[in-house]
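# Chains, contacts and geometry: an overview
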Amino acid sequence: MSSEKRILDLCVDAGETLLANGAEIYRVQQTMELIAKSYGADSFHAYVLTNGLFASMEEDGRLQSAAVRNAPRVEMNLGRISAVNALSREIVAGRVPLEQAFERLRTIRAMQGMPGWMMVLASMLSASTFCYLFGGSFTDAFAALVPGCAVGLFTRLLSRTKTPVNKLVSNMLSASVVALTSFAAVQIWNLTGTACSLDHVIIGGIIPLLPGVALTNGIRDVANSDYLSGMIRAIDALLIGAGIALGVGVVLKGLALIPGVVL
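Residues numbered from 1 in each chain as written. Predicted model: local features only at pLDDT ≥ 70, side-chain atom pairs only at ≥ 80, totals over all residues. Heavy atoms only, no water.

### So, the packing of aromatic side chains
Definition in use: Note on ring pairs: Phe, Tyr and Trp rings are taken, using the six-membered ring of Trp, and paired if centres are within 6.5 Å. Classes follow the plane angle, with under 30 degrees stacked, over 60 edge-to-face and the rest tilted. Cation placement over rings: the criterion is NZ of Lys or CZ of Arg within 6 Å of the ring centroid and within 35° of the ring normal.
Inspection of the entire model under this criterion finds 4 aromatic pairs. Here Arg6 stacks its cationic end above the ring of Phe102, 3.9 Å away from the centre of that ring.

Written as structure tokens, this is what we have:
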């Protein structure tokens, strides 16, 4: 295999790793171009979208090799993004031979995220904290631990299914879990004679589902003139929000139709 093809493969692998883990478009394209230039590629071109990338390499005005790669974002792992950025800086400094860069990149792609129990704990704490920040009482914040735990466990379960679940459906189901467990937690508190606000508990519970990073990256992409990718990410964030609203709304409407249930 020619060295040009190996350089192109490394650039595309690095770009795919960044893109699949939620990196901004400009960061992906810039990293690919820097890696190609560092290994002596005279004419490297890359075009990056939110779920795919295109790259080609020319020599003496003739196309030598090209690559198209689909990169759907399955999970977000900022550790991998940081590791690829560190590797690219070492490559630019001339400290990493080409084949060693492939080995380093394979190691980075195999990096595991936070353990499941820590993700669930983070979901619980974020639900409780934001419930209080959005006007809930200490009782509401304590009750929000329940939907926070439930949605953390449920999203981990969905991520392990063999057949990927549609994003809109998964967010609707997750939001439904939040609404149901929030209602149950509030009812238990009310039975003890302690007032608890269902609205604040649900608000805290849906916080782990909100597409904050997607929306922020979409704004950053637009600011960097990547208008198409920015709009795609903005639409993605809106669809996630719509799924959350539908999930909560359907459950609350269903509960309201049950005789004797007061929301």
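From this point, the narrative continues.
### Quick word on the nonpolar core
Worth spelling out the cut-off: Residues grouped as a nonpolar core are buried Ala, Val, Leu, Ile, Met, Phe, Trp, Tyr and Cys residues, joined through side-chain atoms within 4.5 Å. When a residue's accessible area, from a 1.4 Å probe over protein chains only, is under 20% of the maximum for its type it is buried; when over 50% it is exposed; and in between it is partly exposed. Secondary structure elements follow DSSP: runs of H or I of four or more residues count as helices, runs of E of two or more count as strands, with numbering from the N terminus. Contacts: residue pairs with any heavy atoms within 4.5 Å of one another.
Grouped together as the largest cluster of nonpolar side chains are 35 residues, with contacts concentrated most on Leu10, Met32, Tyr39 and Phe44. Every element with two or more residues in this core is listed here: helix H1 (3-20), helix H2 (25-38), strand S1 (43-49), strand S2 (52-59), helix H3 (78-92) and helix H4 (98-109). The greatest single-element share of this core, amounting to 8 residues, is contributed by H1. Among all residues touching Tyr39, those that are not within four sequence positions of it are Ile7, Leu10, Ile91, Val96, Pro97, Leu98 and Ala101.

### Digging into unusual backbone geometry
Residue Ser225 is not a glycine yet carries a positive backbone phi of 70°. In this fold, Ser225 is placed in the loop between helix H10 (212-223) and helix H11 (227-256). Judged by its relative accessible area of 45%, Ser225 falls in the partly exposed class.

### A few points about the packing of helix H5 (residues 116-133) against helix H7 (residues 145-159)
Just so we agree on the cut-off: Fitted lines through C-alpha atoms give the axes, limited to the stretch in contact for helices. The angle between two N-to-C directions lies from 0 to 180 degrees. The crossing is said to be left-handed when, going from far helix to near helix, the turn is anticlockwise and less than a right angle, and right-handed when the turn is clockwise. Three classes are used: nonpolar for Ala, Val, Leu, Ile, Met, Phe, Trp, Tyr, Cys and Pro, charged for Asp, Glu, Lys and Arg, and polar for all others, with Gly counted as polar.
Here H5 crosses H7 at 145°, and the two axes come no closer than 7 Å. In this structure, H5 crosses over H7, and the sense of that crossing is right-handed. Contacts between H5 and H7 involve Gly116, Met119, Val120, Ser123, Met124, Ala127 and Ser128 from the former and Leu145, Gly148, Cys149, Val151, Gly152, Leu153 and Arg156 from the latter. In terms of residue class, the contact of H5 with H7 is built from 8 nonpolar, 5 polar and 1 charged.

### With respect to H11
The periodicity of an α-helix, 3.6 residues per turn, causes residues three or four places apart in sequence to face the same way. Stated precisely, the cut-off is as follows: A helix's residues, less one, multiplied by 1.5 Å, set its expected span.
An ideal rise of 1.5 Å per residue puts 44 Å on 30 residues; H11 measures up with 43 Å between its terminal C-alpha atoms. If you check which residues of H11 are buried, you get Ser229, Gly230, Arg233, Asp236, Ala237, Ile240, Gly243, Ile244, Gly247, Val248, Val251 and Leu255.

### Here's the deal with the pairing of S1
Residues in a regular strand project their side chains so that they alternate between the two faces of the sheet. Using the following cut-off: Following DSSP output, two strands are said to pair if at least two bridges run between them.
Taking burial as the measure, the 7 residues of S1 include 5 buried ones, the bulk of the element. Summarising the sheet, S1 and S2 pair through 7 bridges and their orientation is antiparallel. Within the sheet, the bridge partner assigned to Ala46 lies in S2 and is Ala55. Here S1 folds back onto S2, and the loop between the two strands holds 2 residues.

### Focus on H1
With 18 residues, H1 should cover 26 Å at 1.5 Å per step; its first-to-last C-alpha distance of 26 Å lies within 8% of that length. With 14 of 18 residues buried, H1 is to be regarded as a mostly interior element. Phi for Gly22, located one or two positions after H1, is positive at around 95°.

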